[in-house]
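Single-letter residue listing:
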Amino acid sequence: MADLQSVCDVVIFGGHGDLAFRKLMPALYHLTDTGYLDSKSRIITVTRVEMTGEEHRKLVKEKLKNFLKENAFDEGKFKVFEKQLDVVIIEFNDNSSYEGLFKLLSQKPDRERINYLSTASDFFSTICSSLHKWNLITPKSRVVLEKPIGRDLESARLINKGILQYFNESQIYRIDHYLGKDTVQNIMALRFSNRFFMPLWDANNIDHVQITVAENVGVEGRWDYYDEYGAMRDMIQNHLMQLLCLVAMEAPCSLDADSVRDEKVKVLRSLRKMTPRDIVQKTVRAQYTQGVSDGETVPNYTDGVPNSTTETFAALRVDIDNWRWNGVPFYLRSGKRMHKRNSEIVIQFKAVPHSIFANQGRCISENKLIISLQPKESIELQLMNKVPGLSEEMRLQQVELELNTPMNMKHKPDAYERLLLDVIRSNPTLFMRLDEVEAAWKWADVILEAWEENVVSMKKYRSGTDGPTASIQLIARDGRSWHDE
Ligand code: BG6
């Protein structure tokens, strides 16, 4: 049984939204089941839809049955879990509607309070202001913010400023669920607990890095949201940037939150600002068109949002101006409705300085370290090896050394489970600090503004493919190719 944590009240704003049902409730169910969340804790859903407590519990039950993986739904466990559930009806902009929440929370004035804002970021400061007016923010309160925070640096600053009127920076948890993925955390373990990577992890030895987050799904009904944001704001500015930071950062002096975040922010500040010419040469934006995805014919993106100018795919070459990474490009790409779901980081090492096998017509493939995040979670090192046997010539073959982590867990925790537990434990290491968010927007804004001015034309790609040819050309121009080509 886990070490029991303090009892807390978790309030989910936007509690009947997709994220709440798909990720947050299942995570809280597991945390209760495993004892990490004390069962005296309350989970209070805030919604605009009028409903009774009974109707709410019924709805949560249905959704859990749907979204819990590994057949984890259990009647007996739900009977315990449902005792924790409460619902209050609030219209975010109507301050008087917070009375129900006030009454509920005031029953336990000394409780730790976690306010999870799973709403559009436009509502963040309004909600915080009402919590403040109703005197619901205590030194033991925390607030969790879903990404993306704003659409650019200016709006992000405004939103953060609004929240900082009521919460201290140390009470704010800006979530990027990629940081809660086990394999993502493993990047730090791999880099900083294995000596042999240390001398190799730089521009002398690494040729380039590729970061791909490809999804085969489309927008999944989130048209309003997605069309406002697109691949750059939805994925690159946050998830892929965080992955890049973990690969590129220096070793922090300790694992405490600020030491780790100090190193990440240094990377973000070292990103080379793109000139208009760079943006033309080093960025690609594209929209999917009709095609076949998962065996089904799917329509154009613009059939969902006619005349949309939002990208569903983005690819970029990113340069980091510091000593370690001088001259090492990082290629990033992310898109929806692609050939397959595949998220991976590929570290491609340089070729050996001189090949003694070359004059025998043997070619040596460069070593690659492949960190797969999903669907498979694995770490693989590609090496060259002799083909066993008595042949006169030395024959070589590429072999894969796969690092298998034995998992003795019946239930594999989801990223949200890990992150919610960190909020409960008041550990902000895996959350983004204000300066990180701002530095990422500052870099992305330059590209987004140029795209808005059509400096780079919108390309098209067929659903079910690997993206537009412009993405292949982007990397081919440097004499390289995407890992899976
Ligand atoms: C979310 C994006 O942050 O991440 C979604 O808003 C995307 O558009 C999702 O589908 C991908 O997450 P994962 O964990 O499935 O790779």
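As annotated in an unreviewed UniProt entry, the protein chain carries the name Glucose-6-phosphate 1-dehydrogenase and is attributed to uncultured Sulfurovum sp. UniProt, in its Pathway (unreviewed entry) section for the protein chain, records the words "Carbohydrate degradation; pentose phosphate pathway; D-ribulose 5-phosphate from D-glucose 6-phosphate (oxidative stage): step 1/3." Recorded in UniProt under Sequence similarities (unreviewed entry), the annotation for the protein chain is "Belongs to the glucose-6-phosphate dehydrogenase family."

Draft legend 1. The arrangement of the sheet that holds strand 12 (residues 330–335) in detail. With mixed pairing, 9 strands are arranged side by side in an open sheet as 16-15-14-13-7-12-11-8-17. Of all strands in the sheet, those bounded by a partner on one side alone are strand 16 (396–403) and strand 17 (459–462). Sheet twist, expressed as the mean angle between neighbouring strand axes with direction ignored, is 20°. Those strands touched by helix 14 (residues 469–476) are strand 7 (206–214), strand 8 (283–289), strand 11 (313–318), strand 12 and strand 17, and its axis lies near 10° from that of strand 11.

Draft legend 2. Structural context of helix 1 (residues 18–33). Given a rise of 1.5 Å per residue, 16 residues ought to cover 22 Å, and the 22 Å separating the end C-alpha atoms of helix 1 matches this to within 8%. Along its length, helix 1 reaches its greatest deviation from straightness, about 35°, at Leu 24, and the proline Pro 26 lies no more than four positions downstream. Those residues of helix 1 that sit buried are Ala 20, Phe 21, Leu 24, Met 25, Pro 26, Ala 27, Leu 28, Tyr 29, His 30, Leu 31 and Thr 32. Positive phi appears at Gly 35, one or two residues downstream of helix 1, with a value of about 85°.

Draft legend 3. Here's a closer look at the site of the ligand. The environment of the ligand is formed by 13 residues, the closest being Tyr 178, Lys 181, Glu 215, Asp 234 and Gln 374. Within the contact set of the ligand, an oxygen atom lies 2.7 Å away from a side-chain nitrogen or oxygen of Lys 147. A distance of 2.5 Å is found between an oxygen atom of the ligand and a side-chain nitrogen or oxygen belonging to Gln 374. Considering the ligand on its own, with 390 Å² of exposed area, one finds that the protein chains cover 82% of that surface. Considering every element that reaches the shell around the ligand, the biggest residue donor is helix 8 (residues 223–248), with 4 residues. Residue composition of the shell around the ligand, grouped by class: 3 nonpolar, 3 polar and 7 charged.

Draft legend 4. Molecular detail of the state of the cysteines. This model, assessed by the stated rule, comprises 0 disulfides. Free of any disulfide, Cys 8 has its nearest neighbouring cysteine sulfur in Cys 128, separated by 18 Å. On the basis of relative accessibility, which here comes to 1%, the residue Cys 8 falls in the buried class. We classify Cys 128 as buried; its relative accessible area is 0%.

Draft legend 5. Spotlight on the packing of helix 7 (residues 182–193) against helix 8. Two elements in contact, helix 7 and helix 8, have axes separated by 9 Å at closest approach and are oriented at 10°. Viewed along their axes, helix 7 and helix 8 adopt a mutual orientation that is roughly parallel. On helix 8, the residues touching Val 184, Ile 187, Met 188 and Arg 191 of helix 7 are Leu 243, Leu 246, Val 247 and Ala 248. In the contact of helix 7 with helix 8, the residues fall into 7 nonpolar, no polar and 1 charged.

Draft legend 6. Expanded view of helix 4 (residues 99–106). When we look at burial in helix 4, the residues that qualify are Leu 101, Leu 104 and Leu 105. The arc that holds every buried residue of helix 4, seen down its axis, measures 90°, which confines them to one face.

Draft legend 7. Seen up close, the nonpolar core. Residues Phe 81, Phe 330, Leu 332, Leu 369 and Trp 443 are the most contacted members of the largest nonpolar core, which totals 114 residues. The greatest single-element share of this core, amounting to 13 residues, is contributed by helix 8. With residues up to four places along the chain from it excluded, the contact list for Trp 443 reads Met 232, Ile 236, Met 241, Leu 271, Arg 272, Met 274, Leu 316 and Val 318. If you look at the next biggest cluster of nonpolar residues, it comprises 26 residues, including Phe 13, Ile 44, Ile 127 and Leu 131.

Draft legend 8. Quick look at the sheet that holds strand 5 (residues 141–145). In spatial order, the strands read 3-2-1-4-5-6; together these 6 strands make up an open sheet with parallel pairing. Taken across any chain shown, the strands that pair with only one partner, and hence form the sheet edges, are strand 3 (85–89) and strand 6 (172–174). If you compare each strand with its neighbour and ignore which way they point, the axes differ by 20° on average. Two strands pair when backbone bridges link them, and strand 1 (residues 8–13) and strand 2 (residues 42–47) are joined in this way by 5 bridges, in the parallel orientation. Paired with Val 11 across the bridge in strand 2 is Ile 44. Where helix 12 (residues 415–424) meets the sheet, its contacts fall on strand 1, strand 4 (112–117), strand 5 and strand 6, and the angle it forms with strand 4 comes to roughly 140°.

Draft legend 9. Highlighting the packing of helix 8 against helix 13 (residues 434–452). Axis separation between helix 8 and helix 13 bottoms out at 10 Å; the angle between their running directions is 140°. As the angle between them shows, helix 8 and helix 13 are arranged oblique. When the axes of helix 8 and helix 13 are compared, the crossing they make is right-handed. Between helix 8 and helix 13, the contacting residues are Met 232, Arg 233, Ile 236, Gln 237, Met 241 and Gln 242 on the first element and Glu 436, Val 437, Ala 440, Trp 441, Trp 443, Ala 444, Ile 447, Leu 448, Trp 451 and Glu 452 on the second. Classifying every residue of the contact of helix 8 with helix 13 by side-chain character gives 11 nonpolar, 2 polar and 3 charged.

Rules of the game
Residues numbered from 1 in each chain as written. Predicted model: local features only at pLDDT ≥ 70, side-chain atom pairs only at ≥ 80, totals over all residues. Heavy atoms only, no water. UniProt positions renumbered as here; feature names shortened; annotations may be inferred. Pairing = 2+ DSSP bridges. Helix = DSSP H or I, 4+ residues; strand = E, 2+ residues; numbered from the N terminus. Axes fitted to C-alpha atoms, helices over the stretch in contact; angles between N-to-C directions. Contact = heavy atoms within 4.5 Å. Expected span 1.5 Å × (residues − 1). Bend = angle between axes of the 7 residues up to and from the residue. Buried < 20%, exposed > 50% of the residue type's maximum accessible area, 1.4 Å probe, protein only. Near = heavy atom within 4 Å. Polar contact = N/O pair within 3.5 Å; in protein donor to acceptor, adjacent residues only side chain to side chain. Areas by Shrake-Rupley, 256 points an atom, 1.4 Å probe, with all protein chains shown as cover. Nonpolar A, V, L, I, M, F, W, Y, C, P; charged D, E, K, R; others polar. Disulfide = S-S within 2.5 Å. Parallel < 35°, antiparallel > 145°, perpendicular 65-115°, else oblique. Arc of directions from axis to C-beta. Core = buried A, V, L, I, M, F, W, Y, C linked by side-chain atoms within 4.5 Å. Left-handed = near helix turned anticlockwise from the far one by under 90°.

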